[in-house]
Amino acid sequence: MQSEKQYIDLYGSCRDMLFSHSADVMNAVRDGAFADFSRQGLPTRKVERYKYTDMQSLFAPDYGLNINRLDIPANPYEAFKCDVPNLSTSLYFILNDGFYDKALPKGGLLPDGVIIGSLCKEAAKNPDFIAKYYSKIAKTTEDPITALNTMLAQDGLFIYVPRGVKVDRAVQVINILRSDVDLMINRRVLIVVEEGAEIKLLFCDHAMDDRRFLTTQVIEAYVADNASLDLYCLEETHAKNTRVSNVYIEQQANSRVNHNIITLHNGVTRNRTDLIFRGEGAECNLSGCVIADKEQHVDNNTLIEHRVPHCTSNELYKYVLDGKAVGAFAGRVLVHHGAQQTSSVMNNRNLCATKEARMYTQPMLEIYADDVKCAHGSTVGQLNDAALFYMRQRGISLKEARLLLQFAFANEVIDGIRLEPLRDRLHYLVEKRFRGELSRCEGCKLCK
Amino acid sequence: MARMIIYSGIPSNSGKKVMETKSSDKNEFVRQVAEQKYEFGFTTDVHTEIIDKGLNEDVVRLISAKKQEPEWMLDFRLKAFRYWQTLEQPSWAHVTLPEIDYQAISYYADPMAKKKDDGKPKEIDPELMKTFDKLGIPLEERLALSGVAVDAIMDSVSVKTTFKEKLAEKGIIFCSIGDAIQQHPDLVKEYLGSVVPYRDNFFAALNSAVFSDGSFVYIPKGVRCPMELSSYFRINARNTGQFERTLIVADDDSYVSYLEGCTAPMRDENQLHAAIVEIVVKDNAEVKYSTVQNWYPGDENGKGGVLNLVTKRGELRGVNSKLSWTQVETGSAITWKYPSCVLRGDNSQAEFYSVAVTNNWQEADTGTKMIHMGKNTKSTIISKGISAGHSQNSYRGLVRATSNADNARNYSSCDSLLLGSDCGAHTFPYMDIHNDTAVVEHEATTSKISEDQLFYCNQRGIPTEQAVGLIVNGYAKDVLNKLPMEFAVEAQKLLSVSLEGTVG
């Protein structure tokens, strides 16, 4: 299959249009990205990191692209009803790939100097600053999807937290997918957290229309010395949605990153997370929770690179697979030569509830330093019979007992979230999800 | 200033003494150790008939003709060769496999040729006899006390198979595969290529085209093989490749334990070794396969050494069948080896125990595949990697439970030990689970030798080098315990020799 051809042709015919509706900084790398994409093509399943998700068939259909930046009418508040009670957030919207500036939170919510806004506009205002970070860790030479995104992305989100500023209130960003035709979206996010700064981000994906959406997303996050970034991603879309998200994080000395991806509803999801430690004493927690049934497909692919000594990484991914769902987890911890005193733990636990559900797991360690403590564990299995029996003995029905155990299983990941109201909300959502009461995003009338 | 005194153990082949050296002498001492380390590096001066270098259809035909093979065998080889020509050398393993010039290798070397030409009764050249004596391989029945039947293979030809007659009394066939093709064509035809088809991979195709000798074992129904069977492989001739093929068939209710050992002389250039081992295990039968692999690993600068590219697979075809792979890998410049089990029969059980030691510039990518297809199947994987010097040691394994494999159970544990800051230890486990009743667990740890343990030994007067040997042997104990007695001793010795000079 030659799915990449339509994108190469598209670039050839629409190059000028792409350029005219974007910022110079983003245009500067476009041709390079195009060359990298043309050279690599879309990855086949023979490419190790794409072994479990067939990109060729995902990118084969003919999607529309909004290259001309037409205004798509939408009222995001109408779509967004999955509010988190008791969680006071600064709420922003991204409509497809563009920052929605018609519904900004009222002033005074963000500390001075913090910028949350359109990447394109910010790049026009501060080209030198953006150029320092844009498309630097998301290398187009190494990943064709990143190359495709860099070549087509015209706008996105820019988040900047200046030195020493702590943003107390969590920032919630709703990615709204809205279109009357099948649509491909190329979204770009750039996060810069300077020395000693702190921010908590919650990204939610939400589909407003019952259309096929194909989203490529590239997030680049730079976390400077002593800074802290919490990045929670919650996906609640529908079966026709395909999401390919590449997250790149670079951590400097003594920084801390919490990255949590929760997939409750989706069609095909592929999350790639690449994290690099550049400074000593940094710590990261990557976690993910997947609850999938029907024909959902969720593939999490992570790479943690320990380039310097004294860093700690923890990874925990849990899957509950029902129906004909397919889950894949491939995690790789790479400890470079000289990265002594590294401590790394990777865990992947999976529950298969039906015969048709499939789980692929691949926890990998690659170690070139001797004074390290690295461990990984991976299991695929079922609920503990003894625990089920214990509960039934005490008058709890089998169905209820199963729910309780599955719920407890998934909660280990959710408990790692450092926003209490969000944690409560997720507990609630996950429980409803297991009960089958949450067959779509709550309160949403549009998607089926 | 206090003078530094270093105590170091002397390698086992020079006797167990403790030597005192000044630190300035230490490099000299380490150099000596490194040089002495590979004790099987000698060559045998024996007349060997070697065919011209190069690989083409004529060479395949020539090998087949030299072995006086029937037509069907030649067809098999040619099919494999034609398929091989369409393939490219794989590059996915975590090793730096050099570009091998397949035309620069001779594919057949026969150290027995002279005797045959003389038309005298077939007897073994005393030089050859000496070689195997030196290697400690009992070729004479006078060594019957050892209780091991041996098939000794030098270069491309089986030199001698001992205890053949005694085994025949029980109906056991133990001979070289060349003899088996002549004498038991039906059996060979039925099983050869049935576990590892020639289309399996690049090296399997190459082996199927040019394999020269190897062992064939058939254990009839209900027979428990009374002694350990063993084959010993030796590469002697220069610029030749060894392509042996082993086929073991254990019929219903039978049992056999099979050992395999290998060595090669020290040479500057890489030698190619691409073997295939196929095992068929039928109802209620059990096979134990143990390997102590000690091919020449190259010198301390990574020059020379054997490229060990092996396909080993067992198929548990019968119900309640059992197969156990145990391997101690200390040699070879590059190891590319994944002894696998296909658990077809219901209630079948498979085990894989491995210790892989790499030192200097050695690279090993080894592990196993457990394919669960039958119901209630069980597999265990215990892998211990030890890397030192500048070596790279990888575990690569696959556990697959198909949708029919109800109640499949797997436990994998892979530990790596790092000695030195320039080596690498890697784990690449794959798990594909297509069944909701399967339970699969994998765990792995990587660490270095604990300072506490070393200090404890030092305190009690055990020098660091010996202490490392002690700790490593303890670490590998789970696997060494699974080896038959004779091998366990050899393996322990090998472990300590392989790691000489890594600490200090």
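All figures in this text were calculated on a predicted structure; none of them were measured in a lab. (Residues numbered from 1 in each chain as written. Chains lettered and ligands numbered in written order. Predicted model: local features only at pLDDT ≥ 70, side-chain atom pairs only at ≥ 80, totals over all residues.)

> Residues and numbers for the overall build of chain A, please.
Looking only at helices and strands, one finds 11 helices and 20 strands in chain A. Here the C-alpha radius of gyration of chain A, 21 Å, is about what a compact globule of 448 residues would show, namely 22 Å. Counting every position in chain A, which comprises 448 residues, the buried fraction comes to 53%. Pairs at least 24 apart in sequence give 85% of the contacts found in chain A among residues at least 6 apart. (Helix = DSSP H or I, 4+ residues; strand = E, 2+ residues; numbered from the N terminus. Rg over C-alpha atoms; globule rule 2.2 N^0.38 Å. Buried ≥ 20, exposed ≤ 12 C-beta atoms within 10 Å, placed from the backbone. Contact = placed C-beta atoms within 7 Å.)

> Any chance you could break down the overall build of chain B for me, citing the residues and the numbers?
Along chain B, the regular secondary structure elements total 13 helices and 27 strands. Taken across its 504 residues, chain B has 54% of its residues classed as buried. Excluding contacts between residues fewer than 6 apart, the proportion of contacts in chain B whose partners are at least 24 apart in sequence is 81%.

> So what's going on with the interface of chain B and chain A? Which residues, and what values?
Listed per partner, the contact involves 31 residues of chain B and 30 residues of chain A. Broken down by secondary-structure element, the contributors of at least two residues to the side of chain B that touches chain A are strand 25 (409-419), strand 26 (424-433) and strand 27 (439-448) of chain B. Residue composition of the side of chain B that touches chain A, by class: 13 nonpolar, 13 polar and 5 charged. In this sheet, strand 27 of chain B lies alongside strand 20 (residues 373-381) of chain A in antiparallel orientation, the contact comprising 7 bridges. Bridge pairing in strand 27 of chain B places Ala375 of chain A opposite Thr445 of chain B. (Nonpolar A, V, L, I, M, F, W, Y, C, P; charged D, E, K, R; others polar. Pairing = 2+ DSSP bridges.)

> Residues and numbers for the packing of helix 3 (residues 71-85) of chain B against helix 9 (residues 202-210) of chain B, please.
All names here are of chain B. At a minimum axis separation of 7 Å, helix 3 and helix 9 run at an interaxial angle of 145°. Crossing angle aside, the handedness with which helix 3 passes helix 9 is left-handed. Along the contact surface, helix 3 presents Phe76, Arg77, Ala80, Phe81, Tyr83 and Trp84, while helix 9 presents Ala205, Leu206, Ser208 and Ala209. Its residues assigned to classes, the contact of helix 3 with helix 9 shows 8 nonpolar, 1 polar and 1 charged. (Axes fitted to C-alpha atoms, helices over the stretch in contact; angles between N-to-C directions. Left-handed = near helix turned anticlockwise from the far one by under 90°.)

> I'd like to hear about the environment of Leu157 of chain A, residue by residue, with values.
All names here are of chain A. Mapped onto the elements, Leu157 comes out in strand 5 (residues 156-161). Residues Leu157 and Ile191, spaced 34 residues apart in sequence, show a C-alpha to C-alpha distance of 8.2 Å. If we skip the residues at most four places from it in the chain, Leu157 touches Ile94, Phe99, Leu119, Val173 and Val189.

> Which residues make up the nonpolar core, and what values do they have?
In terms of nonpolar packing, the biggest core is built from 253 residues, with Ile191 and Val193 of chain A together with Val217 and Val287 of chain B touching the most fellow members. No other element matches strand 7 (residues 183-193) of chain A, which puts 8 residues into this core. With near-sequence residues (within four places) excluded, Val287 of chain B lies in contact with Ile248, Ala250, Val256, Tyr258, Ile279, Val281, Gly314 and Leu323 of chain B. (Core = buried A, V, L, I, M, F, W, Y, C linked by C-beta atoms within 7 Å.)

> I'd like a description of helix 11 (residues 464-475) of chain B, backed by residues and values.
The end-to-end C-alpha distance of helix 11 of chain B is 16 Å, a good match for the 16 Å that 12 residues give at a rise of 1.5 Å each. Within helix 11 of chain B, burial applies to Glu465, Ala467, Val468, Gly469 and Val472 of chain B. (Expected span 1.5 Å × (residues − 1).)

> I'd like a description of the UniProt feature "domain: SUF system FeS cluster assembly SufBD core" (unreviewed entry) in chain A, backed by residues and values.
Summarizing the sequence annotation, UniProt attributes the feature "domain: SUF system FeS cluster assembly SufBD core" (unreviewed entry) to residues 183-409 of chain A in the numbering used throughout. A helix fraction of 9% and a strand fraction of 62% characterise residues 183-409 of chain A, whose end C-alpha atoms lie 36 Å from each other. (UniProt positions renumbered as here; feature names shortened; annotations may be inferred.)

> Can you tell me about the environment of Asp36 of chain A, naming the residues and giving the values?
Residue and element names in this part refer to chain A. With respect to the helices, strands and loops of the structure, Asp36 is situated in helix 3 (residues 30-40). Linking Asp36 and Ala147, residues 111 residues apart in sequence, is a C-alpha distance of 6.3 Å. Filtering out sequence-adjacent residues up to four positions away, Asp36 remains in contact with Thr140, Thr141 and Ala147.

> Account for unusual backbone geometry, with residues named and values stated.
Not every positive phi belongs to a glycine, and Asn96 of chain A is a case in point at roughly 55°. Tracing the backbone shows Asn96 of chain A in the loop between strand 2 (89-95) and strand 3 (98-100). The exposure class assigned to Asn96 of chain A is buried, which follows from the 23 C-beta atoms found within 10 Å. Despite not being glycine, Asn347 of chain B has its phi angle at roughly 60°, a positive value. Residue position: Asn347 of chain B is located in the loop between strand 19 (340-343) and strand 20 (349-358). Exposure remark for Asn347 of chain B: the 18 C-beta atoms within 10 Å place this residue in the partly exposed category.

> Give a detailed account of the packing of helix 2 (residues 57-66) of chain B against helix 3 of chain B, specifying residues and quantitative values.
Residue and element names in this part refer to chain B. Their axes nearest at 10 Å, the elements helix 2 and helix 3 cross at an angle of 155°. The orientation of helix 2 with respect to helix 3, classified from their angle, is roughly antiparallel. Along this stretch, helix 2 crosses helix 3, giving a crossing that reads as right-handed. In this structure, helix 2 uses Glu57, Val60, Arg61 and Ser64 to contact helix 3, whose residues at the interface are Met73, Leu74, Arg77, Leu78 and Phe81. (Parallel < 35°, antiparallel > 145°, perpendicular 65-115°, else oblique.)

> Go over helix 8 (residues 144-152) of chain A with me, naming the residues and quoting the values.
All names here are of chain A. For helix 8, the tally of buried residues reaches 9 of 9 residues, placing the bulk of the element in the interior. Among the residues of helix 8, those classed as buried are Pro144, Ile145, Thr146, Ala147, Leu148, Asn149, Thr150, Met151 and Leu152. If you follow the buried residues of helix 8, they end up packed against helix 1 (4-20), helix 3, strand 7, strand 9 (213-223) and strand 11 (241-251).

> Now, about the confidence of the model for chain B: what can you tell me, with residues and values included?
All names here are of chain B. Averaged over every residue, the pLDDT of chain B is 81; residues scoring 70 or more account for 79%. Within chain B, strand 1 (residues 5-9) has the poorest average pLDDT of any element, 31, and strand 22 (residues 369-372) the best, 96. Here residues 29-36 scores under 50 on pLDDT; set against residues more than four positions off or in separate chains, the count is 12 contacts. Reported confidences for the modelled complex are a pTM of 0.85 and an ipTM of 0.84. (pLDDT = per-residue confidence, 0-100.)

> So what's going on with the environment of Asp155 of chain A? Which residues, and what values?
All names here are of chain A. In this structure, Asp155 sits in the loop between helix 8 and strand 5. Residue classification places Asp155 among the buried positions, given that 24 C-beta atoms sit within 10 Å. Sequence separation of Asp155 and Glu315 is 160 residues, and the distance between their C-alpha atoms is 31 Å. If we ignore the near neighbours within four places in the chain, the residues touching Asp155 are Ser22, Asp97, Gly98, Phe99, Ser118, Leu119 and Cys120.

> Now, about the pairing of strand 22 of chain B: what can you tell me, with residues and values included?
Each regular strand displays side chains that alternate between the two surfaces of the sheet. All names here are of chain B. Here strand 22 shows no split at all, with Lys369 and Ile371 on one side and Met370 and His372 on the other all buried. Relative to strand 22, strand 19 is paired through 4 bridges, and the arrangement is parallel. Bridging across to strand 22, Val342 finds its partner in Ile371. As paired strands, strand 22 and strand 24 (residues 392-401) are joined by 4 bridges and run parallel to one another. Pairing of His372 across the sheet is with Ala401, part of strand 24.

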